[in-house]
Amino acid sequence: MASAGPALKDELDIVIPTIRNLDFLEMWRPFFQPYHLIIVQDGDPSKTIKVPDGFQYDLYNRNDINKLLGPKASCISFKDSACRCFGYMVSKKKYIYTIDDDCFVAKNPSGQDINALEQHIKNLLCPSAPYFFNTLYDPYAEGADFVRGYPFSLREGVPTAVSHGLWLNIPDYDAPTQLVKPAERNKRYVDAVMTIPKGTLFPMCGMNLAFDRDLIGPAMYFGLMGEGQPIGRYDDMWAGWCVKVICDHLGLGVKTGLPYIWHSKASNPFVNLKKEYKGIFWQEEIIPFFQTAILPKECTTVQACYIELSKQVKEKLGKIDPYFTKLGDAMVTWIEAWDELNPGKDAGKGKGK
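Residues numbered from 1 in each chain as written. Predicted model: local features only at pLDDT ≥ 70, side-chain atom pairs only at ≥ 80, totals over all residues. Heavy atoms only, no water.

Within an unreviewed UniProt entry, the label attached to the protein reads UDP-arabinopyranose mutase, and the organism entered is Daucus carota subsp. sativus. According to UniProt, the comment filed for the protein under the heading Function (unreviewed entry) is "Probable UDP-L-arabinose mutase involved in the biosynthesis of cell wall non-cellulosic polysaccharides." Entered under Subcellular location (unreviewed entry) in the UniProt record, the comment concerning the protein runs "Golgi apparatus". (UniProt positions renumbered as here; feature names shortened; annotations may be inferred.)

Here it is as structure tokens:
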């Protein structure tokens, strides 16, 4: 990209949920300092969060969320990193990158620091190919192309809505896998980006994630998790399942692979098990629900798709547990709050293949 300054400097916000001082930003300074940060403070709003000098940022705590959204603040999770989605809602930029505060700069096999943000931007600015799998991974990457037998009619691709990055060191495992593999670390650096095919779901992780807010933002709701809810650690995955169904419907792409970050510490597997316990059972019904969800062709915007999905959640998943009826209602509240803060913006009118 032949731009004088950092790519998308005035078009991208970095969203960080946190309960602690953001010392980790010092490591990211060479890459993040030109960009505007939105910090969503979880937990006790009277606690002061320290941000290193030289960063431009807005910080929101629970009091700010309640003040801005009023009764609709009920849709934003408390004491859970799912609160980050409030940052997506208040942003006025086209693109969002979100990262956790225990994620550090990783190194590539040559020992060079990885500019994760730069790679996410590359992913978002080039098309996706969800309708036919290219065996050389991302055909739009430098040094790659479409392989023999790839239909020429599909080579234009579709707009990329989501760039899902990965992690070195601590893998993103659920609690049972953590318990049986406590010492496992991800040391494999795979130099590849691929489009997740249409009709295929994936477990989205929110700790190294970028997306086109104009294309898919209203669907990036991380649900009701944390304090007062029967489930945790499914916030980003819930958003990912909703997002993928809507992207497939609207003709938008989702990429996964590069960039890597260094995930520095494993969370407590016993605490995680308590949060995930019901989700581990429920996901066996949640995933088939999303695999078979059909959105009517009249749904041509992300908001319309999301409202339709909320109805289906209440109708079909509400039978599993009353939580899903509550979640379906919160999905509607989220869209109402989004539209209030972002008037006149219908997101994601895609190709609808």
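Engineer: What should I look at first to understand the state of the cysteines in this one?
Structural biologist: Linking two cysteines covalently via their sulfur atoms produces the bond known as a disulfide. Applying the stated criterion across every chain, the model contains 0 disulfides. Cysteine cysteine 85 shares no disulfide, and the gap to the nearest cysteine sulfur, in cysteine 75, comes to 7.0 Å. Overall, the relative accessible area of 0% leaves cysteine 85 in the buried class. Of all cysteine sulfurs, the one in cysteine 305 lies closest to cysteine 242, which takes part in no disulfide; the gap is 11 Å. (Disulfide = S-S within 2.5 Å. Buried < 20%, exposed > 50% of the residue type's maximum accessible area, 1.4 Å probe, protein only.)

Engineer: How should I be thinking about unusual backbone geometry in this particular structure?
Structural biologist: A negative phi angle characterises most non-glycine residues, just as the trans form characterises most peptide bonds. Here the bond from leucine 258 into proline 259 is cis, since omega is 10°, no more than 30 degrees from zero. The residue proline 259 is located in strand 9 (residues 253-263) in this model. The phi dihedral of arginine 233 is positive, around 65°, even though this residue is not glycine. Relative to the assigned elements, arginine 233 resides in the loop between helix 6 (213-216) and helix 7 (235-250). You can call arginine 233 partly exposed: its relative accessible area is 23%. (Helix = DSSP H or I, 4+ residues; strand = E, 2+ residues; numbered from the N terminus.)

Engineer: Please explain the layout of surface pockets as it appears in this structure.
Structural biologist: Over the atoms rolls a probe the size of a water molecule, and in doing so it shows where empty space is left. Its boundaries defined by the atoms lining it, the second largest pocket holds a volume of some 460 Å³. Taken together, 17 residues form the lining of the second largest pocket, with Gln119, Asp138, Tyr140, Ala141 and Glu142 sitting closest to its centre. Broken down by element, the residue count for the lining of the second largest pocket peaks at 4 residues, all from helix 4 (residues 116-125). Among the residues forming the lining of the second largest pocket, the class breakdown is 11 nonpolar, 2 polar and 4 charged. (1 Å grid on protein atoms, 1.4 Å probe; cavity = no way out; pocket = protein on both sides within 12 Å on 5 of 7 lines; lining within 4 Å. Points joined across faces, edges and corners; volume = space filled by probe spheres on them. Nonpolar A, V, L, I, M, F, W, Y, C, P; charged D, E, K, R; others polar.)

Engineer: Help me out: how do you make sense of the side chain of asparagine 169 in this one?
Structural biologist: With respect to the helices and strands, the residue asparagine 169 is situated in strand 6 (residues 160-169). Of the polar contacts made by the side chain of asparagine 169, one reaches the backbone oxygen of histidine 263; its length is 2.9 Å. Once residues within four sequence positions are removed from consideration, asparagine 169 is found in contact with Glu184, Arg185, Asn186, Trp262, His263 and Ser264. (Polar contact = N/O pair within 3.5 Å; in protein donor to acceptor, adjacent residues only side chain to side chain. Contact = heavy atoms within 4.5 Å.)

Engineer: Can you walk me through empty space enclosed by the protein in this structure?
Structural biologist: Evaluation of the coordinates by the stated rule reveals 3 cavities of 30 Å³ or more. What the largest cavity holds in volume is close to 60 Å³. In terms of lining, the largest cavity is formed by Ala129, Phe132, Phe133, Asn134, Tyr137, Asp138, Pro139, Met194 and Thr195. Each residue belonging to the lining of the largest cavity can be placed in one class, and the counts come to 6 nonpolar, 2 polar and 1 charged. In this structure, the second largest cavity spans a volume of roughly 50 Å³. Residue lining of the second largest cavity: Met225, Ile231, Tyr234, Trp238, Trp241, Ile286, Tyr323, Phe324 and Leu327, and that is the complete set. The set of elements that each furnish at least two residues to the lining of the second largest cavity consists of helix 7 and helix 10 (322-341). Here the element with the most residues in the lining of the second largest cavity is helix 10; it accounts for 3 residues. Grouping the amino acids of the lining of the second largest cavity by side-chain chemistry returns 9 nonpolar, no polar and no charged.

Engineer: Would you take a moment to explain the nonpolar core for this structure?
Structural biologist: A general trend in soluble globular proteins is that nonpolar side chains are found buried together. Counting residues in each nonpolar core, the largest one holds 69 residues, and the members touching the most others are Val162, Ile216, Tyr221, Trp238, Ile246, Tyr306 and Trp334. The element best represented in this core is helix 7, accounting for 10 residues. What isoleucine 216 contacts, discounting residues up to four positions off in sequence, is Ala161, Val162, Phe211, Val243, Ile246, Cys247 and Val302. By size, the runner-up hydrophobic cluster in this structure holds 31 residues, among which are Phe24, Val51, Met207 and Ile261. (Core = buried A, V, L, I, M, F, W, Y, C linked by side-chain atoms within 4.5 Å.)

Engineer: Hey, could you run me through the packing of helix 7 against helix 9 (residues 302-317) in this one?
Structural biologist: A pair of packed helices is characterised by two quantities: the angle between their axes and the separation of those axes. In the contact formed by helix 7 and helix 9, the axes pass within 10 Å of each other and the chain directions differ by 125°. On the basis of their axis angle, the class for helix 7 and helix 9 is oblique. Between helix 7 and helix 9 the crossing geometry is right-handed. Across from Trp238, Cys242, Val245, Ile246, His249 and Leu250 in helix 7, the residues of helix 9 making contact are Val302, Cys305, Tyr306, Leu309, Val313 and Leu317. For the contact of helix 7 with helix 9, a count of residues per class yields 11 nonpolar, 1 polar and no charged. (Axes fitted to C-alpha atoms, helices over the stretch in contact; angles between N-to-C directions. Parallel < 35°, antiparallel > 145°, perpendicular 65-115°, else oblique. Left-handed = near helix turned anticlockwise from the far one by under 90°.)

Engineer: Is there a simple way to think about the packing of helix 7 against helix 8 (residues 269-292) in this case?
Structural biologist: It is the contact of helix 7 with helix 8, at a shortest axis distance of 9 Å, that shows an interaxial angle of 15°. Our classification of the angle between helix 7 and helix 8 gives roughly parallel. Taken as a pair, helix 7 and helix 8 cross one another with a handedness that is right-handed. On helix 8, the residues that touch Trp238, Trp241, Cys242 and Val245 of helix 7 are Ile286, Ile287 and Phe290. Residue composition of the contact of helix 7 with helix 8, grouped by class: 7 nonpolar, no polar and no charged.

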